[in-house]
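The residues making up each chain are set out below.
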Amino acid sequence: MKEITAFYLNGCPYCKGAREAVQELIAENPAYGTVPVMWYEESEQPEAVQGHSYYYVPSLFIGKEKLYEAQPGQSYDEIKAHVKAALDAALA
């Protein structure tokens with residue numbers, strides 16, 4: 001199992017959706033709860049961002065490989081699908 005590094009900003013609605021999606025997915029499939037997800041607020045922990053290439057948040061990585069970067073206008077269902085894919089990749 002791999003660890004997911006997640007970058008977010010306080011007040012970001014897409015970030016809020018991604019965090020809610022993680023909790024909803026864990027409720028649907030408890031195996032997702034075993035995936036370590038390290039959340040970093042990019043403005044409070046800029047050192048954590050070093051070496052990760054992204055523009056929008058939330059952004060999810062395994063190591064330096066970007067699994068998901070939110071895009072403006074995405075719906076909650078789209079965000080949840082991307083978060084699920086990232087969790088699946090971490091479990092693989």
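For the structure itself, consult the block above.
This write-up is about the structure you can find in this document. The model shown is predicted, which means the values in this text are computed figures rather than measured ones. (Residues numbered from 1 in each chain as written. Predicted model: local features only at pLDDT ≥ 70, side-chain atom pairs only at ≥ 80, totals over all residues. Heavy atoms only, no water.)

**Looking at helix H3 (residues 76-91)**
- Taking 1.5 Å as the rise per residue, H3 with 16 residues should run 22 Å; its terminal C-alpha atoms sit 22 Å apart, in good agreement.
- Of all the positions in H3, only Ile79, Lys80, Val83, Ala86, Leu87 and Ala90 are classed as buried. All buried residues of H3 project into a common sector of 125° when viewed along the axis, lining one side.
- Here the buried face of H3 lies against strand S1 (4-8), helix H1 (13-28), strand S2 (37-41), strand S3 (59-62) and strand S4 (65-69). (Helix = DSSP H or I, 4+ residues; strand = E, 2+ residues; numbered from the N terminus. Expected span 1.5 Å × (residues − 1). Buried < 20%, exposed > 50% of the residue type's maximum accessible area, 1.4 Å probe, protein only. Arc of directions from axis to C-beta. Contact = heavy atoms within 4.5 Å.)

**Notes on the sheet that holds S1**
- Pairing within the open sheet is mixed, and its four strands lie in the order S2-S1-S3-S4. A strand with exactly one partner marks an edge of an open sheet, and here the two such strands are S2 and S4. Between one strand and the next, the sheet's axes are offset by a mean angle of 25°, whatever the strand orientation.
- The pairing of S1 with S3 spans three bridges and is antiparallel. Along S3, the bridge assignment pairs Thr5 with Phe61. (Pairing = 2+ DSSP bridges. Axes fitted to C-alpha atoms, helices over the stretch in contact; angles between N-to-C directions.)

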